[in-house]
Number of protein chains: 2
Amino acid sequence: MTDTQTRSQSLEKLRELVKDIDFCMLTTIDEDGDPHSRPMSSNGDIDPNGDLWFFTSASSHKVAEVARSAKVNVSFADPDNQRYVSVTGVAQLIRDREKIDELWRPEFKLWFPKGKDDPEVALLCVSLEKGEYWDSPSSTIGYALSFVSSLITGKQPDFGENKKVDLQ
Amino acid sequence: MTDTQTRSQSLEKLRELVKDIDFCMLTTIDEDGDPHSRPMSSNGDIDPNGDLWFFTSASSHKVAEVARSAKVNVSFADPDNQRYVSVTGVAQLIRDREKIDELWRPEFKLWFPKGKDDPEVALLCVSLEKGEYWDSPSSTIGYALSFVSSLITGKQPDFGENKKVDLQ
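In short, a report on the structure. (Residues numbered from 1 in each chain as written. Chains lettered and ligands numbered in written order. Predicted model: local features only at pLDDT ≥ 70, side-chain atom pairs only at ≥ 80, totals over all residues. Heavy atoms only, no water.)

## Details of the overall build of chain A
Phase 1: Tallying secondary structure elements over chain A gives 3 helices and 7 strands in all.
Phase 2: Each helix (α) and strand (β) of chain A, taken in turn from the N terminus, gives the series α-β-β-β-α-β-β-α-β-β.
Phase 3: Here chain A, with 168 residues, has 56% of them falling under the buried criterion.
Phase 4: Considering only intrachain contacts with a sequence separation of at least 6, the fraction spanning at least 24 residues in chain A is 59%.
Phase 5: If you sum the accessible surface of chain A, you get close to 7600 Å²; carbon and sulfur atoms cover 49% of it. (Helix = DSSP H or I, 4+ residues; strand = E, 2+ residues; numbered from the N terminus. Buried < 20%, exposed > 50% of the residue type's maximum accessible area, 1.4 Å probe, protein only. Contact = heavy atoms within 4.5 Å. Areas by Shrake-Rupley, 256 points an atom, 1.4 Å probe, with all protein chains shown as cover.)

Quick look at the structure:
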């Protein structure tokens, strides 16, 4: 039970940190094995299961990249508050019409002019495995409070690690 | 000469876009082949040669990652202005004291309390190969003007590609 609680607490913390950051950078591995990133709207949310949902065109380049190499990184930056979140997970293409209906918002017509019933409209679901964050209670990231938390193992956050975090 | 000019123009555009974004996310490939990112200060600059310089501890985890897999991605996010830049390049550890002296700023003591002469203080130089940006002249990224420019090939930016950009 303790592990479950810790996973749930870690997830809750990550959800809280990203809820006001609508756009994030999704990094996939390209055909040369190199990291490749682009901005994506996460709809401001990691869902309670630890999944991130992105609308995508089913024939987009990133879908082909994910089919080859499913592990992706998603990073959220809020430079005004010196708040950064990096999560790693497994991405898969989801073409479930019910889920598309549930998550669709009218403004997505900007990217999908034919609307949500266009068969090209699909979802990329990223099931989070690991998360890391840098959250600054003061105005400089130099005093960041941070931890690495494994959402899979439910490992206890280590609040003593703030000196070791990769800000150097 | 045309290629050189185009490379130089592309580079100038990228430099202009990131100059007010101090923190970026550096994505490396970890020991499992997965993308792994953390916030880094780029000192607000891509230099005129197309290199990004980061201070790092020589024994940090990211240095070990780069030694195994030198290709990295660096993304810059300015959500207030819906401006995003993603660049890919080759990273290498540089321990040149002269370059460290040139780039050192007193506030870096926050991360390196022993100061710039600490032998642990080193630089990670990322030589850019490709760049991509999403820059929004209006208030919504849906109207983004964007292009993919190859800094290596000096390929002409394609301003007609804004519909194809990976925002979907």
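Okay, back to it.
## A word on the relation of the copies chain A and chain B
Phase 1: Note on the copies: chain A fits chain B at an RMSD of 0.0 Å, the axial shift is 0.0 Å, and the rotation between them is 180°. Between the two chains, the operation in question is that of a two-fold axis.
Phase 2: Same-surface contact between copies: 100% of interface residues of chain A are shared with the interface of chain B. (Least-squares fit on C-alpha atoms with pLDDT ≥ 70 in both.)

## A word on helix H2 (residues 61-68) of chain A
All names here are of chain A.
Phase 1: Looking at H2, one finds that the buried residues are Lys62, Val63, Glu65 and Val66. Down the axis of H2, the sector holding all buried residues measures 160°, keeping them to one side. Of the exposed residues in H2, those oriented more than 90 degrees away from the buried face are Ala67 and Arg68.
Phase 2: Structurally, H2 contributes buried residues whose contacts are with strand E1 (23-29), strand E2 (35-41), strand E3 (51-57), strand E4 (71-78), strand E5 (83-94) and strand E6 (121-135). (Arc of directions from axis to C-beta.)

## With respect to the pairing of E1(A)
Residues and elements named next belong to chain A.
Phase 1: Extensive coverage of E1 is indicated by the burial of 7 of its 7 residues.
Phase 2: The alternating pattern of E1 places Phe23, Met25, Thr27 and Ile29 and Cys24, Leu26 and Thr28 on opposite faces, both of which are buried.
Phase 3: Bridging between E1 and E2 involves 7 bridges; their strand directions are antiparallel. Bridge pairing in E2 links threonine 28 to histidine 36.
Phase 4: The antiparallel hairpin formed by E1 and E2 contains 5 residues in its connecting segment, where glycine 33 sits at a positive phi of about 85°. (Pairing = 2+ DSSP bridges.)

## With respect to the environment of A:Ser8
Residue and element names in this part refer to chain A.
Phase 1: Examined against the element boundaries, serine 8 turns out to sit in helix H1 (residues 2-18).
Phase 2: Owing to a relative accessible area of 40%, serine 8 belongs among the partly exposed residues under this scheme.
Phase 3: The spatial distance from the C-alpha of serine 8 to the C-alpha of glycine 50 is 9.1 Å, given a sequence separation of 42 residues.

## Things to note about the pattern of salt bridges
Phase 1: This model, assessed by the stated rule, comprises 26 salt bridges over all chains.
Phase 2: Taken together, the salt bridges that share partners define one network made up of A:Glu12, A:Arg15 and A:Asp45. (Salt bridge = Lys/Arg side-chain N within 4 Å of Asp/Glu carboxyl O.)

## A look at the packing of aromatic side chains
Phase 1: With the rule as written, the count across this model stands at 12 aromatic pairs over all chains.
Phase 2: On the numbers, 5.8 Å between centres and 35° between planes, the contact of A:Tyr84 with B:Phe23 is tilted. On the criterion of chain membership, the pair formed by A:Tyr84 in strand E5 and B:Phe23 in strand E1 (residues 23-29) is interchain, its members lying in two chains. Exposure class is identical for A:Tyr84 and B:Phe23. Each is buried.
Phase 3: An angle of 90° between the planes, with centres 5.6 Å apart, marks the rings of B:Trp104 and B:Phe108 as edge-to-face. Per residue, the accessibility class of B:Trp104 equals that of B:Phe108, and both read buried.
Phase 4: In this structure an aromatic cluster arises from ring pairing among A:Phe55, A:Trp104, A:Phe108, A:Trp111 and A:Phe112.
Phase 5: Positioned above the aromatic ring of A:Trp53 is the side chain of A:Lys99, whose terminal nitrogen or guanidinium carbon lies 4.6 Å from the ring centre. (Phe/Tyr/Trp six-rings, centres within 6.5 Å; stacked < 30°, edge-to-face > 60°. Lys NZ or Arg CZ within 6 Å of the ring centre and 35° of its normal.)

Spatial relationships are all this shows, so hold off on functional conclusions.
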